[in-house]
Amino acid sequence: MLKRGEGFLAVHLAGVGCLYGLFIFLLLIFPLYFLSAFIKNLQGSVIALGLIAVSLNMILLEEKKFSALGVFLLTGALGYIVLGMELKEPLLPLLTGLFGTASLFFSIKQKTKIEKQATEKKAKIEIKKERKSLLSSALFSPLSLFLPAISSGQIAIISNQFAKTDRKQFLFMLGTITMLTMCLSFLGLFLISKTRTGSAAAIKSLIGIPEWNVFFLIVFVIIVSGFASFFILNILSKKFLLVLEKIDYSKVSIATIVAIAVVTFLVSGFIGLLVLVVSSLTGIYCISSGVKRTNMIGCLILPTIVIYLTL
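Everything quoted here is computed from the prediction, not taken from an experiment.

Quick notes on the rules
- Residues numbered from 1 in each chain as written.
- Predicted model: local features only at pLDDT ≥ 70, side-chain atom pairs only at ≥ 80, totals over all residues.
- Heavy atoms only, no water.
- Axes fitted to C-alpha atoms, helices over the stretch in contact; angles between N-to-C directions.
- Helix = DSSP H or I, 4+ residues; strand = E, 2+ residues; numbered from the N terminus.
- Parallel < 35°, antiparallel > 145°, perpendicular 65-115°, else oblique.
- Left-handed = near helix turned anticlockwise from the far one by under 90°.
- Contact = heavy atoms within 4.5 Å.
- Salt bridge = Lys/Arg side-chain N within 4 Å of Asp/Glu carboxyl O.
- Buried < 20%, exposed > 50% of the residue type's maximum accessible area, 1.4 Å probe, protein only.
- Phe/Tyr/Trp six-rings, centres within 6.5 Å; stacked < 30°, edge-to-face > 60°.
- Core = buried A, V, L, I, M, F, W, Y, C linked by side-chain atoms within 4.5 Å.
- Expected span 1.5 Å × (residues − 1).
- Polar contact = N/O pair within 3.5 Å; in protein donor to acceptor, adjacent residues only side chain to side chain.

Chemist: Which residues make up the packing of helix α3 (residues 65–83) against helix α12 (residues 298–309), and what values do they have?
Modeler: Following both chains from N to C, one finds α3 and α12 inclined at 70 degrees, their axes separated by 7 Å at the closest point. With respect to their mutual orientation, α3 and α12 come out roughly perpendicular. Note on packing geometry: the crossing formed by α3 with α12 is right-handed. Facing Phe 72, Leu 73, Thr 75, Gly 76, Ala 77, Gly 79, Tyr 80 and Leu 83 of α3, the residues of α12 in contact are Gly 298, Cys 299, Leu 300, Ile 301, Leu 302, Pro 303 and Val 306.

Chemist: Quick rundown of the pattern of salt bridges? Include the residues and the values.
Modeler: Tallying each qualifying case throughout the model produces two salt bridges. Between Arg 4 and Glu 6 there is a salt bridge; the shortest N-O distance is 2.9 Å. Look at Glu 6 and you get buried, because its relative accessible area is 16%. Between Glu 6 and Lys 168 there is a salt bridge whose closest N-O contact spans 3.9 Å. Here the residue Glu 6 occupies a position in the segment before α1 (7–40), and Lys 168 occupies one in helix α8 (residues 167–192), the gap between them amounting to 162 residues. Ionic contacts of the salt-bridge type, sharing partners, join the residues Arg 4, Glu 6 and Lys 168 into one network.

Chemist: If you had to explain the packing of aromatic side chains to someone new, which residues and values would you point to?
Modeler: The description of two aromatic rings rests on the distance between their centres and on the angle between their planes. Evaluation of the coordinates by the stated rule reveals 11 aromatic pairs. Look at Phe 230 and Phe 231: their rings are 5.3 Å apart centre to centre, the planes differ by 75 degrees, and that puts the pair in the edge-to-face class. Grouped by ring-pair contacts, the aromatic residues Tyr 33, Phe 34, Phe 190, Trp 212, Phe 215 and Phe 216 constitute a single cluster.

Chemist: Can you break down the side chain of Ser 55 residue by residue, with the values?
Modeler: By the element assignment, Ser 55 lies in helix α2 (residues 44–60). Not counting the four nearest positions on each side in its chain, Ser 55 is found in contact with Phe 72 and Ile 301.

Chemist: Account for the nonpolar core, naming residues and giving values.
Modeler: Residues Phe 25 and Leu 187 are the most contacted members of the largest nonpolar core, which totals 66 residues. Broken down by element, the residue count for this core peaks at 12 residues, all from α8.

Chemist: Give a description of helix α7 (residues 152–163) that names residues and reports values.
Modeler: Note that an α-helix has 3.6 residues per turn; residues three or four places apart therefore point the same way. The end-to-end C-alpha distance of α7 is 15 Å, a good match for the 16 Å that 12 residues give at a rise of 1.5 Å each. Where burial is concerned, most of α7 is hidden: nine out of the 12 residues are buried. Buried residues belonging to α7 abut α2, α5 (127–140), α6 (143–146), α8 and α12. Lys 164, located one to two residues past α7, shows a positive phi value of around 55 degrees.

Chemist: Go over α8, please, and point to the residues and values.
Modeler: Taking 1.5 Å as the rise per residue, α8 with 26 residues should run 38 Å; its terminal C-alpha atoms sit 35 Å apart, in good agreement. For α8, a buried count of 19 out of 26 residues is recorded, marking the element as mostly surrounded by other parts of the structure. For α8, the N-terminal capping position is held by Asp 166, with its side-chain oxygen 3.2 Å away from the main-chain nitrogen of Lys 168. In the segment just after α8, Ser 193 is the residue with positive phi, at about 60 degrees.

Okay, here's the thing in structure tokens:
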């Protein structure tokens, strides 16, 4: 959509979806509170089987099923090796290589050009048409509490099997699910003492497991910052898109790759830089295979399956 001049519309759709995600999160707090004991007592083998089922579903949806399986297993093996290394912040070179620099290299190769952006066109969200996507988002987003390592993208793919959205509706639903999985990670910390995102892990490292009063404070901050960021998003996205129209996208991509390499070297050292190169090459191969990039989340799911099967 960015390449077609609809970058602002894409951002706005995702932003509106995030706003709806806030409301759904508030509705899910108490139902999930009553399910928390069940979630907390799930056996490791059940969690592993759930992750296997989600992964198989994702692979079977692909036209190139063997390629998708190969991508999942290849990135899973890479993730298992990297996470087993004594490396500071191993996810930095692993994930930025697979999902970041690999995509940037493709942008450079394709000589991506940004068309003039329509920054006034906003999405018209009709709740009647979005009921299925909102309902499926509410039903499937809590999978992030049950199953560690699955991403909002994978949950969106599962939800879309029921909602049957078009491209623009999918962006709206993805925004809803992304907001929900982030918010639910804080709820998971409070209810089951598990962290599903880096933000929740940061909160746990600062204050431990929050009590009721602290959790309600976190919810209040989520609501205020969520609404504020929605309006800030619409303002800043216009300004950034106007800048993108005027710059050489390939040069920006090269500069970004260099910046990532420098940060990786400073944080994870020479070995981290080597991991970045390997994960970038792996990402390029996986993207070239013509399957969804969400299959590359095997880098986290496969090691998690192994861990829970061996508990």
